[in-house]
Amino acid sequence: MSLIFARSKAVGVATSTRLLAANLRAFQTLSARDNGEKNASPMASPIQTAPTSSLAIVSKLAYPSCRRNGKQSVAQAKRSMAGVPDGQNFRDGKPTLEYAKKMTKTFASMSNDQILHFAEMGVPEACRECIVRDVMSVDQVEYDEAMKVFEEIAKTNREGMFIHALPFYFGCGASVTLGYASIPLVFELRTVEWFNEKFVTTELPPVQDLETWLEVGSASWGWMEPVLGQLSFFLLTMQFARSQMQNLGIRPFSNWMQSRRAERLVQSYPQYDAEFLANYSKLDRLAKPHRMVS
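A brief report on the enclosed structure follows.

1. Overview of the overall build of the chain
Helix and strand counts for the chain come out as 15 helices and two strands. For the chain, the proportion of contacts with a sequence separation of at least 24, taken over those separated by at least 6, is 50%.

2. Quick word on helix H13 (residues 213-248)
Taking the largest bend as the criterion, H13 deviates by roughly 60°, centred on tryptophan 221. Val216, Gly217, Ala219, Ser220, Trp223 and Met224 are the residues of H13 that are buried. Along its buried surface, H13 packs onto helix H11 (161-187) and helix H12 (189-200). Immediately beyond the C-terminal end of H13, within one or two residues, lies glycine 249, with a positive phi of roughly 85°.

3. A short note on the state of the cysteines
Within the structure shown, the criterion is met by zero disulfides. No disulfide involves cysteine 130; its sulfur sits 6.2 Å from that of cysteine 127, the nearest cysteine. A relative accessible area of 5% means that cysteine 130 is categorised as buried.

4. Observations concerning the pattern of salt bridges
Per the counting criterion, the structure on display carries six salt bridges. A salt bridge links glutamate 129 to arginine 133, with the shortest nitrogen-to-oxygen separation between them at 3.3 Å. Of this pair, glutamate 129 and arginine 133 both sit in helix H9 (residues 124-139), four residues apart, roughly one helical turn. Grouping residues by exposure puts glutamate 129 and arginine 133 together as buried. Two residues, arginine 264 and glutamate 159, come together in a salt bridge whose shortest N-O distance is 4.0 Å. You can see arginine 264 sitting in helix H14 (residues 253-268) and its partner glutamate 159 sitting in the loop between helix H10 (143-157) and H11, a full 105 residues away along the chain. Residue class for arginine 264 comes out partly exposed when judged on its relative accessible area of 28%. A residue is classified by how much of its surface remains accessible, and glutamate 159, at 48% relative accessible area, is partly exposed. Salt bridges sharing partners connect three or more residues here, namely Arg128, Glu129 and Arg133.

5. Re a nonpolar patch on the surface
Side chains of Val176, Tyr180, Ile183, Phe187, Trp213 and Leu214 sit close together on the surface and give an oily, nonpolar patch of about 670 Å² of accessible area. Listed by contribution, the elements that provide at least two residues to the nonpolar patch are H11 and H13. With four residues, H11 is the largest single contributor of residues to the nonpolar patch. As for its placement among the helices and strands, leucine 214 is situated in helix H13.

6. With respect to the packing of aromatic side chains
Within the structure shown, the criterion is met by ten aromatic pairs. When the centroid spacing of 5.3 Å and the interplanar angle of 45° are considered together, the rings of phenylalanine 90 and tyrosine 99 count as tilted. On the accessibility criterion, phenylalanine 90 (24% relative accessible area) is partly exposed. With centroids separated by 6.1 Å and ring planes inclined at 35°, the aromatic side chains of phenylalanine 162 and tyrosine 169 adopt a geometry described as tilted. By way of ring pairs, the aromatic residues Phe168, Phe253 and Trp256 are connected into one cluster.

7. Here we look at the packing of H11 against H13
Taken N-terminus to C-terminus, the directions of H11 and H13 make an angle of 125°; their axes are 6 Å apart at the nearest point. When the interaxial angle is binned, H11 and H13 end up oblique. Each of Ser182, Leu185, Val186 and Phe187 in H11 lies in contact with H13, whose residues at this interface are Trp213, Val216, Gly217, Ser220, Trp221, Met224 and Leu228. Classifying every residue of the contact of H11 with H13 by side-chain character gives eight nonpolar, three polar and no charged.

8. A closer look at the nonpolar core
Core analysis: the largest hydrophobic core is formed by 21 residues, its most contacted members being Ile131, Ile153 and Leu277. When contributions to this core are tallied by element, the ones reaching two or more residues are helix H8 (112-120), H9, H10 and helix H15 (274-283). In terms of residue count, the dominant contributor to this core is H9 (six residues). Beyond its immediate sequence surroundings of up to four residues, isoleucine 153 is in contact with Ile131, Leu265, Tyr269, Tyr272 and Leu277. Judged by nonpolar contacts, the second largest core, of nine residues, contains Leu185, Leu210, Ala219 and Met224.

Definitions and limits used
Residues numbered from 1 in each chain as written. Predicted model: local features only at pLDDT ≥ 70, side-chain atom pairs only at ≥ 80, totals over all residues. Heavy atoms only, no water. Helix = DSSP H or I, 4+ residues; strand = E, 2+ residues; numbered from the N terminus. Contact = heavy atoms within 4.5 Å. Bend = angle between axes of the 7 residues up to and from the residue. Buried < 20%, exposed > 50% of the residue type's maximum accessible area, 1.4 Å probe, protein only. Disulfide = S-S within 2.5 Å. Salt bridge = Lys/Arg side-chain N within 4 Å of Asp/Glu carboxyl O. Patch = residues over 30% accessible without salt bridge, like charges linked within 9 Å, V, L, I, M, F, W, Y side chains within 5 Å. Areas by Shrake-Rupley, 256 points an atom, 1.4 Å probe, with all protein chains shown as cover. Phe/Tyr/Trp six-rings, centres within 6.5 Å; stacked < 30°, edge-to-face > 60°. Axes fitted to C-alpha atoms, helices over the stretch in contact; angles between N-to-C directions. Parallel < 35°, antiparallel > 145°, perpendicular 65-115°, else oblique. Nonpolar A, V, L, I, M, F, W, Y, C, P; charged D, E, K, R; others polar. Core = buried A, V, L, I, M, F, W, Y, C linked by side-chain atoms within 4.5 Å.

This is how it looks when you write it as structure tokens:
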């Protein structure tokens, strides 16, 4: 310890480089003594051979400023590592009231980068905002005028939408109708007798065996089971085929129709960005348009 103090006093007016070299030599001597190495090599690395106790002693003696400002330095390091600024926006790692008031609450007040990010996520309002800002850039108009152009684009995109939706309306109506119709065709006696007379023409059990709806279902299941089972298996195979088409990258009918509608919209407004128009067109719903927020 006395060796370290002596060297520190001797180089009090020397440069920081000479002070560091003297401390390293003293640190090497102290490390060799702590490890019991009597013949330590003068070229040995002090960092590799020093125990923790020696490192702490030399650090405190050679760099007293770190000891005095230790707590402040640690706090600054933590804030720097956490990435929290010390400006007016944050205080003690928390947003200030002034910064909270600056938070954007509408899509129109968001930056271009934010709008593009949300548009890639499939947010309809962000896709609309992309088109509006593209119209502003191309036509050199302000926001309100560009919004009027967007409304015309939206109307154009919905032309013929009902015709495109007809297959889906038909499929939905047919599936609901057949689903509810299967219940009386299996369990209701008069419906079972009518269906048997018109389409099956088989002999039913005696009346005493058709007193409950379960007995009626047991009688009708002989001809209803093949029909319902075949329809269920057919739908199951079609669903499996659709999933394999998606795995192969083959577009089913709905995706094909969306692509056709997007191409028509892009051709109607060739002066605007095609990707913005196509993204908005594909997100537009068949039944009714989105109720977009501002």
